[in-house]
Amino acid sequence: MVIVAIAIARIHDLFAVVMLTGIFSLLGAAAYVVMDAVDVAFTEAAVGAGASTVLMLGTLALTTSKERPAPAKNVISALIVVVLTGVVLIYGTLDMPIYGDLMAPIHHHVADHYLGGSSAEVGLPNVVTSVLASYRSYDTLGETFVIFTAAAGVLAILGQSRLPRRQHDYEDSEKGMVSSPEKSKGSST
Amino acid sequence: MRQKIILRVISKFLIPYILLFALYVQWHGDFGPGGGFQAGVIFAAGFILYAIIFGVATAREVLSATTTRFLLVIGVLLYSGVGVAGILLGGNYLDYNVLADTPIGGQHVGIILVEFGVGITVAASVITIFCTFAGRRPEEHEEEYGEN
């Protein structure tokens, strides 16, 4: 993953970068499988490597696939900021319990109740599903609304231009006329 | 990419299995890894593959813009509706225990309905976002940003 991340930062061909981010997500999914988090790995593989890569490719088709490298300014100060942030983050992890520690607080807040009571109270073999959909269903409802809002936002910003029959309107009209009157006409139909 | 025969044949062969796998993940999420979210994304991926190969306009004939917008709302309403049904049957909001005769049966019904709602909304959102992006024409983009 480190190699892929460095490659993403160095390559200027955006098509290759999009592919590499997909590979990065897939590697992340593999890491989740290694840590026995199959549900998370599933989501990462489907969303990170699949859907978001396709969305990035769609964006590339609209824009350009070559990065315009910005002239490097203030390299030293940027490096200092990055190193400082990294040091602070690593310092923060020193307090965390080691991976797989049974006495870690996160394993003893409500997790005991969920793991012990799930089969009696919910009756599903997959505890992840019972936590997601039953114990934490308010959270999942919120997530669903977030996704709904994302799609609604995209529709509100870009949705008017998708009606194919309006292409004739565009070709007929002059460039300056295109902006507001045509759009309002398209959205009302 | 309509003229690439290998892509066309292979994708036609694969898409039914992708959609079938999405449904499997949707309904089997209670017993194995998976659930509504993953199933929605996989379903949308199958649809997007079709849209990439055969064009967005062709794909839109299968699921029109109006249909996906309705599905978007139906998923959220299904999820919220399960919660309201819990209130009407005498429990708390999103309390599944009252949905069937036994608490465990109620949990089963509630979880399956809720996951289905999540799946519908996620699939419709991803399809909507993809088609909105892919349906835009590049010329329009240059027009908007040409003034900068």
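Note that the coordinates shown come from a computational prediction; the quantities given were computed from them, not determined experimentally.

Caption draft 1: Focus on the overall build of chain B. Across its full length, chain B holds six helices and zero strands. The N-to-C order of helical and strand elements in chain B reads α-α-α-α-α-α. When each of the 148 residues of chain B is scored for burial, the buried share is 43%. Partitioning the contacts of chain B with sequence separation of at least 6, the portion at a separation of at least 24 is 62%.

Caption draft 2: Expanded view of the overall build of chain A. The helix and strand tally for chain A stands at nine helices and zero strands. Each helix and strand of chain A, ordered N terminal to C terminal, gives the series α-α-α-α-α-α-α-α-α.

Caption draft 3: Fine view of the nonpolar core. Counting residues in each nonpolar core, the largest one holds 55 residues, and the members touching the most others are Val41, Ala44, Ile48, Ala51, Val126, Ile127 and Phe130 of chain B. Residue assignment for this core shows that the elements contributing at least two residues are helix H3 (38-62), helix H6 (127-135) and helix H7 (137-158) of chain A together with helix H1 (5-28), helix H2 (36-54), helix H3 (56-62), helix H4 (65-88) and helix H5 (103-134) of chain B. The element best represented in this core is H5 of chain B, accounting for 15 residues. When residues of this core are assigned to domains, at least three map to each of domain 1 (1-69) and domain 2 (107-189) of chain A. Ignoring anything within four residues of it in the chain, the contact list for valine 41 of chain B reads Ala46, Val47, Gly50 and Ala51 of chain A together with Val122 and Val126 of chain B.

Caption draft 4: The arrangement of the interface of chain A and chain B in detail. With 42 residues of chain A in contact, the opposing surface of chain B contributes 49 residues. Where the side of chain A that touches chain B is concerned, the elements lending two or more residues are H3, H6 and H7 of chain A. Looking at side-chain class alone, the side of chain A that touches chain B contains 25 nonpolar, 14 polar and three charged residues.

Caption draft 5: Geometry of H7 of chain A. Look at H7 of chain A: 31 Å from first C-alpha to last across 22 residues, which is about the 32 Å you get at 1.5 Å a residue. Here H7 of chain A has its buried residues at Ser137, Thr140, Leu141, Thr144, Ile147, Phe148 and Ala151 of chain A. All buried residues of H7 of chain A fall inside an arc of 125° around its axis, so they share one side. Set apart from the buried face of H7 of chain A by more than 90 degrees, the exposed residues are Tyr138, Asp139, Gly142, Val146, Gly153, Ala156 and Ile157 of chain A. Tucked into the core, H7 of chain A has its buried residues touching H6 of chain A together with H4 and H5 of chain B.

Caption draft 6: Quick look at the confidence of the model for chain A. Of all residues in chain A, 71% have pLDDT values of 70 or greater, and the mean over the chain is 74. Per-residue pLDDT stays below 50 along residues 165-189 of chain A; that stretch engages in 12 contacts with residues further than four places along the chain or on separate chains.

Caption draft 7: Quick look at the environment of phenylalanine 70 of chain B. Residue and element names in this part refer to chain B. Mapped onto the elements of the fold, phenylalanine 70 is located in helix H4. By the C-beta count within 10 Å, which is 13 here, phenylalanine 70 ends up partly exposed. Taking the C-alpha atoms as reference, phenylalanine 70 lies 20 Å from alanine 22; in sequence the two are 48 residues apart.

Caption draft 8: Structural detail: the environment of valine 47 of chain A. Residue and element names in this part refer to chain A. Inspection of the secondary structure puts valine 47 in helix H3. The exposure class of valine 47 is buried, given the 21 C-beta atoms found within 10 Å. A sequence separation of 25 residues divides valine 47 from glycine 22, and the C-alpha atoms of the two residues are 9.6 Å apart.

Caption draft 9: Molecular detail of the confidence of the model for chain B. All names here are of chain B. Across chain B, pLDDT averages 79, with 89% of residues at or above 70. Within chain B, helix H6 (residues 138-145) has the poorest average pLDDT of any element, 45, and H1 the best, 87. Under a pLDDT of 50 for its full length, residues 139-148 has, in the predicted model, six contacts with residues more than four places off or in other chains. Here the predicted complex scores 0.71 on pTM and 0.75 on ipTM.

Caption draft 10: The packing of H3 of chain A against H2 of chain B, seen in detail. Closest axis-to-axis distance for the H3 of chain A/H2 of chain B pair is 10 Å, and the angle between their directions is 30°. The crossing of H3 of chain A and H2 of chain B is left-handed. On H2 of chain B, the residues that touch Phe42, Thr43, Ala46, Val47, Gly50, Ala51 and Val54 of chain A of H3 of chain A are Phe37, Gln38, Val41, Ile42, Ala44, Ala45 and Ile48 of chain B. A breakdown of the residues in the contact of H3 of chain A with H2 of chain B according to their chemical character gives 11 nonpolar, three polar and no charged.

Cut-off values and rules
- Residues numbered from 1 in each chain as written.
- Chains lettered and ligands numbered in written order.
- Predicted model: local features only at pLDDT ≥ 70, side-chain atom pairs only at ≥ 80, totals over all residues.
- Helix = DSSP H or I, 4+ residues; strand = E, 2+ residues; numbered from the N terminus.
- Buried ≥ 20, exposed ≤ 12 C-beta atoms within 10 Å, placed from the backbone.
- Contact = placed C-beta atoms within 7 Å.
- Core = buried A, V, L, I, M, F, W, Y, C linked by C-beta atoms within 7 Å.
- Domains from an automatic or database assignment.
- Nonpolar A, V, L, I, M, F, W, Y, C, P; charged D, E, K, R; others polar.
- Expected span 1.5 Å × (residues − 1).
- Arc of directions from axis to C-beta.
- pLDDT = per-residue confidence, 0-100.
- Axes fitted to C-alpha atoms, helices over the stretch in contact; angles between N-to-C directions.
- Left-handed = near helix turned anticlockwise from the far one by under 90°.

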